[in-house]
Amino acid sequence: MEGDGKKVVTEGVDCKIPVTEAWLRKHRLLYNGATKHPFIRSIRDGSVDFTSFKRWLGQDYIFVRSLVPFVASTLVKSWKECGDGLDMEVILGGMASLNDEINWFKKEASKFHVSLTNVIPQKANIKYCRFLESLTSSETEYAVAISVFWAIEVVYQESFAHCLEEGGTIPQELQETCERWGNEAFGAYCKSLQDIANRCLHKASAEVISKAEVSFLRVLEHEVEFWNMSVGEAGV
Ligand code: HMH
């Protein structure tokens, strides 16, 4: 694993390819697994099972709520590290959109008759939330936290933007869901997070870059497990 990380340092820094770009090239298969999962494909082609969609809705509501403290901890790190305060504004915008998301989940859940008050978090969700919680520590470097935050957001952005691409036949009831994460403004916000991550990684030590890469991979794995869980393939 460490050897892997060192290889990226050379690719990412010496060849002047931004570090996150190097990761995306190196881990393309896993990244595509997270962004073009059968669940997402089924939304895109309209064959989605609504039981799965409702399961995803309830579980993601729980996930988004536990994303908030992680993003808050990243915000604190940005405030401590970044002099001009511009990073903090991007992350603050992210927190504001999480607030909107939580309200949207409530509205959407009532539309689909999903009760959010007694959702039992499933294994994949619990594991993902625990992973996030482990990263809220002040010992987690800003470069690691911001890379993770970018990865979490970009997976949803790419997944739902893929549904909206030409040739898709999304069920009308799910159009709003796809637009929520697939819209251009959300894409621009993910790009801002990626730029911040690249800047931090560019200045980071080999050890921190390696740690950030491992965390990036963990996010992709958790995302795949989260989709699997939504489809109903994972144990409760
Ligand atoms: C599981 N990953 C998951 N849920 C989300 N809402 C996002 C990423 C994006 O916010």
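Residues numbered from 1 in each chain as written. Predicted model: local features only at pLDDT ≥ 70, side-chain atom pairs only at ≥ 80, totals over all residues. Heavy atoms only, no water.

### Things to note about the environment of Asp-87
Heads up, the rule is: Helix numbering and strand numbering both begin at the N terminus, where a helix is a DSSP run of H or I of at least 4 residues and a strand a DSSP run of E of at least 2. By the convention used here, residues are in contact when the closest approach between their heavy atoms is within 4.5 Å. Polar contacts, as used here, are pairs of N or O atoms within 3.5 Å; protein pairs need one atom able to donate a hydrogen and one able to accept it. Residues neighboring in sequence count only if both atoms are side-chain atoms.
With respect to the helices, strands and loops of the structure, Asp-87 is situated in helix α6 (residues 86-111). Once the C-alpha coordinates of Asp-87 and Ala-197 are considered, the two residues, 110 residues apart in sequence, prove to be 9.9 Å apart. Beyond its immediate stretch of four places on either side in the chain, Asp-87 contacts Ser-78, Cys-82, Tyr-142, Ile-196 and Arg-199. Separated by 2.5 Å, the side chains of Asp-87 and Tyr-142 make a polar contact.

### Notes on the pattern of salt bridges
Cut-off, in case you're wondering: Salt bridges are defined as contacts in which a side-chain nitrogen from Lys or Arg sits within 4 Å of a carboxyl oxygen from Asp or Glu. For every residue, the accessible area (1.4 Å probe, protein chains only) is compared with the maximum for its type, and the residue is labelled buried under 20%, exposed over 50%, or partly exposed between those bounds.
Overall, the coordinates contain 7 salt bridges when judged by the stated rule. Between Glu-108 and Lys-111 there is a salt bridge; the shortest N-O distance is 3.3 Å. With Glu-108 and Lys-111 both in helix α6 and 3 residues apart, this pair spans about one turn of that helix. Judged by its relative accessible area of 43%, Lys-111 is partly exposed.

### Describing the nonpolar core
Keep this limit in mind: Only buried residues count toward a nonpolar core, which is a set of Ala, Val, Leu, Ile, Met, Phe, Trp, Tyr and Cys residues joined through side-chain atoms within 4.5 Å.
Judged by nonpolar contacts, the single largest core of 72 residues is most densely connected at Ile-43, Trp-56, Phe-70 and Phe-160. Per-element tally for this core: the top contributor is helix α8 (residues 142-164), with 15 residues. Not counting the four nearest positions on each side in its chain, Trp-56 is found in contact with Phe-39, Phe-105, Tyr-156, Phe-160, Thr-177, Trp-181, Phe-226, Trp-227 and Ser-230.

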